[in-house]
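Survey of secondary and tertiary structure
The lines below spell out each chain.
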Amino acid sequence: ANMYTRVQRLCSQHTVKLYSTQTKIVTANGVSIPVTAGTDVSEEDHTKAVNAPKFTQWVNKITSKKDFYNLKSIHIQAVDMFGPHNVGFIKFKCQALDRDGDALPASIFMRGGAVAILVILKCNGKDYALLVRQTSLATGEPLFPAIPAGMLDGEGYFAGVAAKEIKEETGLVIDASELTDLIELTYGDRYEGMVYSSSAPFPLNKFVRNKGSPTLFIFVIFIFLSVIL
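These lines cover the structure that appears in this document, whether it is placed above or below. Think of each chain on its own: its residues are numbered from 1, step by step along the sequence as written. Predicted model: local features are reported for residues with pLDDT of at least 70 only, side-chain atom pairs are reported and counted for 80 or more only, and whole-chain, interface and lining totals are derived from all residues. Each side-chain value is worked out from all heavy atoms of the structure, with water and hydrogens disregarded.

1. Some thoughts on the overall build of the protein chain
For helices the rule is a DSSP run of H or I covering at least 4 residues; for strands it is a run of E covering at least 2, with both sets numbered from the N terminus onward. Within the protein chain, the secondary structure is distributed over five helices and 15 strands. Burial status across the protein chain gives 33% buried among its 229 residues. Working definition of accessibility: Shrake-Rupley area with a 1.4 Å probe, residue cover restricted to the visible protein chains. If you sum the accessible surface of the protein chain, you get close to 14,400 Å²; carbon and sulfur atoms cover 56% of it. Residue burial is assigned from relative accessible area. The probe radius is 1.4 Å, only protein chains are included, and a residue is buried under 20% of its type maximum, exposed over 50%, and partly exposed in between.

2. Notes on the environment of K167
The topology assignment puts K167 in helix 4 (residues 158-170). Under the relative-accessibility criterion, K167 is labelled exposed at 53%. Along the primary structure K167 and P148 are separated by 19 residues, whereas in three dimensions their C-alpha atoms are 9.5 Å apart. Residues are treated as being in contact if the distance between any of their heavy atoms lies within 4.5 Å. If we skip the residues at most four places from it in the chain, K167 touches L172 and V173.

3. A look at the pairing of strand 5 (residues 107-110)
What you see with strand 5 is a clean split: I108 and M110 sit on the buried side and S107 and F109 on the side with no burial. Two strands are counted as paired when DSSP detects at least two bridges linking them. In this structure, strand 4 (residues 86-97) lies alongside strand 5, joined through four bridges in antiparallel fashion. Following the sheet pairing, K91 is matched in strand 5 by F109.

4. Quick word on the environment of K164
Tracing the backbone through its elements, the reader meets K164 in helix 4. The class for K164 is partly exposed, based on a relative accessible area of 40%. For the pair K164 and A149, spaced 15 residues apart in sequence, the C-alpha separation works out to 9.7 Å.

5. Notes on the pairing of strand 6 (residues 114-123)
A large share of strand 6 lies buried, amounting to seven of its 10 residues. One ladder, built from five bridges, connects strand 6 with strand 7 (residues 126-130); its direction is antiparallel. Each bridged residue has a counterpart across the sheet, and for L121 the counterpart in strand 7 is Y128. Where strand 6 folds back onto strand 7 in an antiparallel hairpin, the turn is made up of two residues, including N124, whose phi is positive at roughly 50 degrees.

6. Focus: helix 3 (residues 53-63)
Helical periodicity: at 3.6 residues per turn, an α-helix aligns residues three or four positions apart in one direction. Taken together, the buried positions of helix 3 are occupied by K54, F55, W58, V59, I62 and T63. For helix 3, the angular spread of buried residues about the axis comes to 155 degrees, placing them on one side. Arc definition: directions from the helix axis to the C-beta atoms.

In short, geometric facts, not functional conclusions.
What follows is the structure in structure tokens.
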């Protein structure tokens, strides 16, 4: 009885995480994929990861192209949560073969899509790019110049995210309905967005969606600026 009481007291004083040891099955396009998780991934995060829109959309996309990909299994190594409900980053490895039966490089860092907004200010006949200064731990730069940007939400509401980032980072207010989907305008539904040339066909799962407002000279596009104004 005393030992039981001590265990109860210990559990009440500390947060206990249950780590996932189960194999979850994800099914898409008639293909069932076993998804395991590492010892550092909790059962809760394992469940949230396999149900995250960015993850399910990727599995659906891969399994829909059976002539190119043969996805055998997935092992989740890490999950970074943005708050209690939003899955931020997922790091995982796959066992996957190409159409010739050869193993594919299959270590993937999944972050999903993002928008980046190039705001052009016209003043006295000159064009100026509006930048923000951000503290960037990854680059080691305390005042890193960048154009406004943000990750897409789980529903992929491109225009809404773009309008929100413009307001939060620049103070400019624009209605989402005023933005034009430049990717859809150019390519229809063929591509999700632009992909880093250095990440395709390699492990970074990220695309950048383009939005634009020709009347306000606000273009949502991923671009590196060689000249900082």
